[in-house]
Amino acid sequence: MKPHGIMFHHFWNKKHPEGQGAISGDELEEMLHFIGLKNILPAREFQERVISKTLKKKDICLTFDDNLKCQFDVAYPVLRKYGITAFWFIYTSPFLGVNERLEIYRYYRTVAFDSIDEFYEHFFNYIKGSKYENLVNKGLMNLFSNKYLNEYSFYSKNDKKFRFIRDRILKEKYFDLMDDIIKNDGNFFIDGMRRQLWMNKSCVRKLSKEGHIIGLHSHTHPMNLGELSYTKQKAEYVKNYDIVKKITGRTPLSVSYPCNSYNSNTLKIMKNLGILVGFTATMDSDAKNSLTLPRKDHANLLLEMKS
């Protein structure tokens, strides 16, 4: 046992669709009881223990990534019911009017297809005969390993294949491919998605005022942020830092790394920004390093509950 955070992303209710990996408020409540309400530290207490180096092996906190409106609409009321506070790691470009396509594409595959596997079939078939076919085939043949994303036991073979194509082969070309797919669909329109998908400034201020911690998660949520140059990484996090501080009126002290992508440059940037608490996205990371604290994905927690 080592101190760690529980990592949450998507939630569903009547307003927000039940996409892959999304859980309901009732499921969150069950998970909190499974963890044990008395075992969950308030976010600020967890942060203070990290900073003072008094964190105990059994200490657990809750974390929410990506600044998602579904988190505020579904998870926040449950936390408020039990008087629990959490870390909320937000990327900030939507506050400047940007529709970040990574989240848009997730919403698209949730509402436009009957299942995630139906989307994967469409996605893989679309690549065939496209200008990306040779690139993808070579990448899968030369680089794809059965060990890819093995730390996430809840991912299916298609999940891993899709993420490898997206994150390791296509990278920025993924956005062009998905734009083509959506354009050819003709029934999905991106305009107006911000209010549906992301929290606004008022939501973030409310959380901060009620004792939750608002932390960094980059400005635009690059999928391979740790592979960017020092200068580009710094620009991402400085912009993120400035906006979070302006919205909350508080100096950010914590971070989680998008897609678990970080390197020594990232950690150097965190130290220069005065960030004292950092979370990864796996349980394999070094809990003794305050900038690489481990987290357990909620999907793995669900598997533990069912075993």
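Before any of the text, the structure's been laid out above.
Residues numbered from 1 in each chain as written. Predicted model: local features only at pLDDT ≥ 70, side-chain atom pairs only at ≥ 80, totals over all residues. Heavy atoms only, no water.

1. Observations regarding the overall build of the protein
Phase 1 of the analysis: Secondary structure summary: the protein contains 13 helices and seven strands in total.
Phase 2 of the analysis: What you see for the protein is a C-alpha radius of gyration of 19 Å, in line with the 19 Å of a compact globule of 307 residues.
Phase 3 of the analysis: With respect to the principal axes defined by its C-alpha atoms, the protein has extents near 55 × 40 × 40 Å.
Phase 4 of the analysis: Every one of the 307 residues in the protein was classed for burial, and the buried ones make up 53%.
Phase 5 of the analysis: With 47 positive and 35 negative side-chain charges, the protein shows a spacing of 7 Å between the two charge centroids. (Helix = DSSP H or I, 4+ residues; strand = E, 2+ residues; numbered from the N terminus. Rg over C-alpha atoms; globule rule 2.2 N^0.38 Å. Buried < 20%, exposed > 50% of the residue type's maximum accessible area, 1.4 Å probe, protein only. Lys, Arg positive; Asp, Glu negative; His and termini not counted. Charge placed at Lys NZ, Arg CZ, Asp CG, Glu CD.)

2. Comments concerning the pattern of salt bridges
Phase 1 of the analysis: If you walk through the whole model with that rule in mind, you get 12 salt bridges.
Phase 2 of the analysis: For the salt bridge of lysine 15 with aspartate 73, the shortest nitrogen-to-oxygen distance reads 3.6 Å. Of this pair, lysine 15 sits in the loop between strand S1 (4–8) and helix H1 (25–35) while aspartate 73 sits in helix H3 (residues 69–82), and the two are 58 residues apart along the sequence.
Phase 3 of the analysis: Residue class for lysine 15 comes out partly exposed when judged on its relative accessible area of 45%. (Salt bridge = Lys/Arg side-chain N within 4 Å of Asp/Glu carboxyl O.)

3. Some words on a positive patch on the surface
Phase 1 of the analysis: Side chains of Lys201, Arg205, Lys209 and Lys246 sit close together on the surface and give a patch of like positive charge.
Phase 2 of the analysis: Of the residues forming the positive patch, the biggest block, three residues, is contributed by helix H10 (residues 201–209).
Phase 3 of the analysis: Inspection of the secondary structure assignment puts arginine 205 in helix H10. (Patch = residues over 30% accessible without salt bridge, like charges linked within 9 Å, V, L, I, M, F, W, Y side chains within 5 Å. Areas by Shrake-Rupley, 256 points an atom, 1.4 Å probe, with all protein chains shown as cover.)

4. Quick word on the packing of helix H11 (residues 230–248) against helix H12 (residues 264–273)
Phase 1 of the analysis: As a packed pair, H11 and H12 sit with axes 10 Å apart at the nearest point and diverge in direction by 40 degrees. Comparing their axes, H12 and H11 come out oblique. Judged by the twist between their axes, the crossing of H11 over H12 is right-handed. Each of Tyr230, Gln233, Lys234, Tyr237, Val238 and Tyr241 in H11 lies in contact with H12, whose residues at this interface are Asn265, Thr266, Lys268, Ile269, Met270, Asn272 and Leu273.
Phase 2 of the analysis: For the contact of H11 with H12, the residue count by class is seven nonpolar, four polar and two charged. (Axes fitted to C-alpha atoms, helices over the stretch in contact; angles between N-to-C directions. Parallel < 35°, antiparallel > 145°, perpendicular 65-115°, else oblique. Left-handed = near helix turned anticlockwise from the far one by under 90°. Contact = heavy atoms within 4.5 Å. Nonpolar A, V, L, I, M, F, W, Y, C, P; charged D, E, K, R; others polar.)

5. Quick look at the side chain of asparagine 240
Phase 1 of the analysis: Structurally, asparagine 240 can be placed in helix H11.
Phase 2 of the analysis: Beyond its immediate sequence surroundings of up to four residues, asparagine 240 is in contact with Ile90, Tyr91, Thr92, Leu216, His217, Ser218 and His219.

6. Regarding a negative patch on the surface
Phase 1 of the analysis: There is a patch of like negative charges on the surface, built from Asp114, Asp117, Glu118 and Glu121.
Phase 2 of the analysis: Of the residues examined, glutamate 118 reaches a relative accessible area of 33% and is grouped as partly exposed.

7. Looking at H12
Phase 1 of the analysis: Along H12, the positions that sit buried rather than exposed are Thr266, Leu267, Ile269, Met270 and Leu273. Viewed along the axis of H12, the buried residues span an arc of 155 degrees, placing them on a single side of the element. Seen from the open side of H12, the exposed residues pointing more than 90 degrees away from its buried face are Ser264, Lys271 and Asn272.
Phase 2 of the analysis: Structurally, H12 contributes buried residues whose contacts are with strand S4 (213–216), H11 and strand S5 (254–256).
Phase 3 of the analysis: N-cap assignment for H12: the residue whose side-chain oxygen lies 3.0 Å from the backbone N of asparagine 265 is asparagine 263. (Arc of directions from axis to C-beta. Polar contact = N/O pair within 3.5 Å; in protein donor to acceptor, adjacent residues only side chain to side chain.)

8. A closer look at the environment of valine 244
Phase 1 of the analysis: Mapped onto the fold, valine 244 is located in helix H11.
Phase 2 of the analysis: Residue classification places valine 244 among the buried residues on the basis of a relative accessible area of 1%.
Phase 3 of the analysis: It is 28 Å that separates the C-alpha atoms of valine 244 and asparagine 13, two residues lying 231 residues apart in sequence.
Phase 4 of the analysis: When sequence neighbours within four positions are dropped, the list of residues in contact with valine 244 reads Ile90, Thr92, Ile214, Gly215, Leu216, Gly249, Arg250 and Pro252.

9. Points about the environment of tryptophan 88
Phase 1 of the analysis: As for its position among the elements, tryptophan 88 is in strand S3 (residues 87–90).
Phase 2 of the analysis: Judged by relative accessible area, which is 0%, tryptophan 88 ranks as buried.
Phase 3 of the analysis: In this view, tryptophan 88 contacts Phe64, Gln71, Phe72, Tyr76, Leu79, Met199, Leu207, His212, Ile213, Ile214 and Gly215; residues no more than four positions away in its chain are not counted.
Phase 4 of the analysis: Here the side chain of tryptophan 88 touches histidine 212 through a polar contact of 3.0 Å, side chain to side chain.

10. Things to note about the pairing of S3
In regular strands, side chains alternate between the two faces of the sheet.
Phase 1 of the analysis: Going residue by residue along S3, you find Phe87 and Phe89 tucked away on one face and Trp88 and Ile90 tucked away on the opposite face as well.
Phase 2 of the analysis: As paired elements, strand S2 (residues 60–65) and S3 share three bridges and run parallel to each other. Bridging from a neighbouring strand, phenylalanine 64 pairs with tryptophan 88 of S3.
Phase 3 of the analysis: In this fold, the crossover linking S2 to S3 by way of H3 has right-handed handedness.
Phase 4 of the analysis: In terms of strand pairing, S3 meets S4 through four bridges, oriented parallel. Within the sheet, the bridge partner assigned to tryptophan 88 lies in S4 and is isoleucine 214. (Pairing = 2+ DSSP bridges. Right-handed = clockwise from strand over helix to strand, strands pointing away.)

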